[in-house]
Amino acid sequence: MGRRTRMRHVKSPPINFYFQSERIDPLLVDFVGLTVAEFEAMRLKHYISLNQKESAEKMGVSQPTFSRILDRAHQKITQALIEGKDIRVHGGNINFKRGFKGYGCLNCNEEWEDELASQERRTDCPKCESEKVYYLVREPL
Ligand SMILES: [Zn+2]
């Protein structure tokens, strides 16, 4: 607490997120897809350096769920690094400057925006109809 933060010049974060690896054949596009939740979990834990409890609270999920999401993110990033694949977040069509409010499905990984989404308001997955749906919120960058 009370730690002073210095102003730093940072480049604006991308509106859409797509990390492209160097590839020998430019026509050969191969990528791993990160969900918004996975991207956000890494940002909170490793970029903002919140602890696991704070990160889970920010995302509105339990700690075990947060831990699973983070693990999956690590596995995908590791795969991309080792196999030289691109990294794409949610098909590359999420506006990261604007933030995101909606839900994510633990069963099929579907994520969808919902203006009215909240921790209290529960809904089923529109894709697989699972009830294992978590509230997903991420701050604008
Ligand atoms: Zn689903």
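A brief look at the structure comes next. (Residues numbered from 1 in each chain as written. Predicted model: local features only at pLDDT ≥ 70, side-chain atom pairs only at ≥ 80, totals over all residues. Heavy atoms only, no water.)

Here we take up the side chain of E111. Mapped onto the secondary structure, E111 falls in strand β5 (residues 111–113). No salt bridge is formed by the buried E111. Its closest oppositely charged neighbour is R72, at 6.4 Å. Here E111 is in contact with T35, V36, A37, H90, Y103, G104, Y134 and L136, once residues within four sequence places are set aside. (Helix = DSSP H or I, 4+ residues; strand = E, 2+ residues; numbered from the N terminus. Buried < 20%, exposed > 50% of the residue type's maximum accessible area, 1.4 Å probe, protein only. Lys, Arg positive; Asp, Glu negative; His and termini not counted. Salt bridge = Lys/Arg side-chain N within 4 Å of Asp/Glu carboxyl O. Contact = heavy atoms within 4.5 Å.)

A few words now on the coordination of the zinc ion. Within the first shell, the zinc ion binds the protein through C105 (SG), C108 (SG), C125 (SG) and C128 (SG), at distances of 2.3 to 2.4 Å. One can describe the donor arrangement at the zinc ion as tetrahedral, given that its 4 donor atoms subtend angles of 106 to 112° at the metal. Mapped onto the sequence, the residues coordinating the zinc ion show the spacing C-x2-C-x16-C-x2-C. Of this pair, C108 sits in the loop between β4 (100–105) and β5 while C125 sits in the loop between β5 and β6 (133–138); the two residues are 17 residues apart in sequence, bridging distant segments of the chain. (Donors = N, O, S within 2.8 Å, 3.2 Å for Na, K, Ca; no water. Tetrahedral: all angles 85-135°; square planar, octahedral: opposite > 155°, others 65-115°.)

What follows is about the packing of helix α1 (residues 36–47) against helix α2 (residues 52–59). It is the contact of α1 with α2, at a shortest axis distance of 9 Å, that shows an interaxial angle of 140°. Here α1 is positioned oblique relative to α2, judged by the angle of their axes. Where α1 crosses over α2, the handedness of that crossing is right-handed. Between α1 and α2, the contacting residues are A37, E40, A41, L44 and K45 on the first element and Q52, S55, K58 and M59 on the second. Across the contact of α1 with α2, the residue classes break down as 4 nonpolar, 2 polar and 3 charged. (Axes fitted to C-alpha atoms, helices over the stretch in contact; angles between N-to-C directions. Parallel < 35°, antiparallel > 145°, perpendicular 65-115°, else oblique. Left-handed = near helix turned anticlockwise from the far one by under 90°. Nonpolar A, V, L, I, M, F, W, Y, C, P; charged D, E, K, R; others polar.)

Quick look at the environment of F100 now. As for its position among the elements, F100 is in strand β4. For the pair F100 and W112, spaced 12 residues apart in sequence, the C-alpha to C-alpha distance is 9.1 Å.

A few words on the pattern of salt bridges. Scanning the entire structure with this criterion turns up 8 salt bridges. Here D30 ties to K85 by a salt bridge, and the two come within 3.8 Å at their closest N and O atoms. With D30 in the loop between β1 (18–19) and β2 (31–34) and K85 in the loop between α3 (63–83) and β3 (86–89), the pair connects residues that are 55 residues apart, well separated along the chain. Looking at D30, the relative accessible area reads 39%, which means it is partly exposed. Assessed through its relative accessible area of 14%, K85 is described here as buried. Put simply, R43 and E40 hold a salt bridge, and the shortest N to O gap is 2.9 Å.

With that settled, the discussion passes to the environment of E120. Summarising the element assignment, E120 is placed in the loop between β5 and β6. Overall, E120 belongs to the exposed group, its relative accessible area being 68%. When the C-alpha positions of E120 and Y135 are compared, they lie 8.6 Å apart, and in sequence the two are 15 residues distant.

This brings us to the pairing of β4. Within β4, 5 of the 6 residues are buried, which leaves the element mostly enclosed by the surrounding structure. Both β4 and β6 contribute to a ladder of 6 bridges, which runs antiparallel. Paired with K101 across the bridge in β6 is V137. Relative to β5, β4 runs antiparallel, the two being bridged by 3 bridges. Counted as the bridge partner of G104 is E111 from β5. The antiparallel hairpin formed by β4 and β5 contains 5 residues in its connecting segment, where N109 sits at a positive phi of about 70°. (Pairing = 2+ DSSP bridges.)

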